[in-house]
2 protein chains.
Amino acid sequence: MELHGMKCEACLTGAPLVTHEDADKLNKLIPDWNIVEQEGMKRLERVFKFPDFAGALDFTNRVGKLAEENNHHPAILTEWGKVTVQWWTHKIGGLHMNDFIMAAKTDELF
Amino acid sequence: MELHGMKCEACLTGAPLVTHEDADKLNKLIPDWNIVEQEGMKRLERVFKFPDFAGALDFTNRVGKLAEENNHHPAILTEWGKVTVQWWTHKIGGLHMNDFIMAAKTDELF
């Protein structure tokens, strides 16, 4: 299974959260991402390192473009030399299959 | 006193933190910013709202350009419809006069 080749589908309210078991399996396909909990919702998080601020901001823009293309938007924290990306699905309060796909696509950009 | 017209000066290790009293006075000049504490360091924080993701990302880039021009870099959290900016001076572990100047310049961009 290659997540980055999959398509992110429109997520409606009431769509299923991934089960704990599926989350574990999917996480193994994107091993650089951690599942963190924030405001009571599980999120996928990865920190990407860069040699300067410009490199970080450029990556932020590439992730932003990916987000717009897929109509699914992450939280992107841009700092000097690093970008922290979080994917989750606000509408369903946690992790959808889409989030794992977007995380894999983000890895591809890096 | 107009902060946004002032110049952000190179900040060396050992440069003075603003005093609690000065921070209060300076904060009155940029009333939309809150002083928050993170990892034991005081930071200036403001949330800017936008109608969509593209507007938020565009603002992130404008703040990034301002940061590069002044060689002083904030944390910029980009999300759908909002950007959270934090200014502080890592080198001295808190708030320098420069941070208040950069906050005022960020307000000007908005």
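Above this note sits the structure.
Because the structure is predicted, anything quoted here is derived from the model rather than measured. (Residues numbered from 1 in each chain as written. Chains lettered and ligands numbered in written order. Predicted model: local features only at pLDDT ≥ 70, side-chain atom pairs only at ≥ 80, totals over all residues. Heavy atoms only, no water.)

Draft legend 1. Molecular detail of the layout of surface pockets. Residues and elements named next belong to chain B. Of the volumes computed, that of the second largest pocket is approximately 220 Å³. In this structure, the second largest pocket is lined by 14 residues; those nearest its centre are Val18, His20, Ala23, Lys42 and Leu95. Elements supplying a minimum of two residues to the lining of the second largest pocket: α1 (20-29) and β2 (41-49). The element that contributes the greatest number of residues to the lining of the second largest pocket is α1, accounting for four residues. Class assignment for the residues of the lining of the second largest pocket results in six nonpolar, six polar and two charged. (1 Å grid on protein atoms, 1.4 Å probe; cavity = no way out; pocket = protein on both sides within 12 Å on 5 of 7 lines; lining within 4 Å. Points joined across faces, edges and corners; volume = space filled by probe spheres on them. Helix = DSSP H or I, 4+ residues; strand = E, 2+ residues; numbered from the N terminus. Nonpolar A, V, L, I, M, F, W, Y, C, P; charged D, E, K, R; others polar.)

Draft legend 2. Focus on the sheet that holds strand β3 (residues 75-79) of chain B. Spatially, β1(A)-β2(A)-β4(A)-β3(A)-β3(B)-β4(B)-β2(B)-β1(B) is the arrangement adopted by the eight strands of the open sheet, whose pairing is antiparallel. The strands lining the two open edges of the sheet, one partner per strand, are β1 (34-38) of chain A together with β1 (34-38) of chain B. Each strand axis lies, on average, 30° off the axis of its neighbour in the sheet, ignoring direction. As paired elements, strand β3 (residues 75-79) of chain A and β3 of chain B share three bridges and run antiparallel to each other. Considered in β3 of chain B, the bridge of Thr78 of chain A is made with Ile76 of chain B. Running at roughly 0° to strand β2 (residues 41-49) of chain A, helix α3 (residues 97-109) of chain A makes contact with β2 and β4 (82-87) of chain A of the sheet. (Pairing = 2+ DSSP bridges. Axes fitted to C-alpha atoms, helices over the stretch in contact; angles between N-to-C directions. Contact = heavy atoms within 4.5 Å.)

Draft legend 3. Quick look at the interface of chain B and chain A. Counting from both sides, the interface comprises 17 residues of chain B and, opposite them, 17 residues of chain A. Interface area, chain B with chain A, both sides summed: about 1300 Å², of which 65% is carbon and sulfur. There are zero salt bridges connecting chain B and chain A. Applying the counting criterion to the chain B and chain A interface returns three residue pairs in polar contact (both at pLDDT 80 or more). (Buried area = accessible area lost by both parts, 1.4 Å probe. Salt bridge = Lys/Arg side-chain N within 4 Å of Asp/Glu carboxyl O. Polar contact = N/O pair within 3.5 Å; in protein donor to acceptor, adjacent residues only side chain to side chain.)

Draft legend 4. Structural view of the side chain of Asn98 of chain A. By the element assignment, Asn98 of chain A lies in helix α3. Excluding residues within four positions of it along the chain, Asn98 of chain A makes contact with Lys7, Cys8, Glu9, Cys11 and His72 of chain A.

Draft legend 5. How the structure looks around the pattern of salt bridges. Residue and element names in this part refer to chain B. Taken as a whole and assessed by the stated rule, the structure comprises ten salt bridges over all chains. A salt bridge links Asp32 to Arg46; the shortest N-O distance between them is 3.5 Å. One end of the pair, Asp32, is in the loop between α1 and β1; the other, Arg46, is in strand β2, and 14 residues separate them in sequence. Given a relative accessible area of 45%, Asp32 falls into the partly exposed group. Of the residues examined, Arg46 reaches a relative accessible area of 13% and is grouped as buried. Across the pair Lys65 and Glu69 runs a salt bridge whose closest N-O atoms are separated by 3.1 Å. Here Glu69 and Lys65 lie together in helix α2 (residues 53-70), a separation of four residues that amounts to about one turn. Taken individually, Lys65 and Glu69 each receive the classification exposed, so the pair is uniform in this respect. (Buried < 20%, exposed > 50% of the residue type's maximum accessible area, 1.4 Å probe, protein only.)

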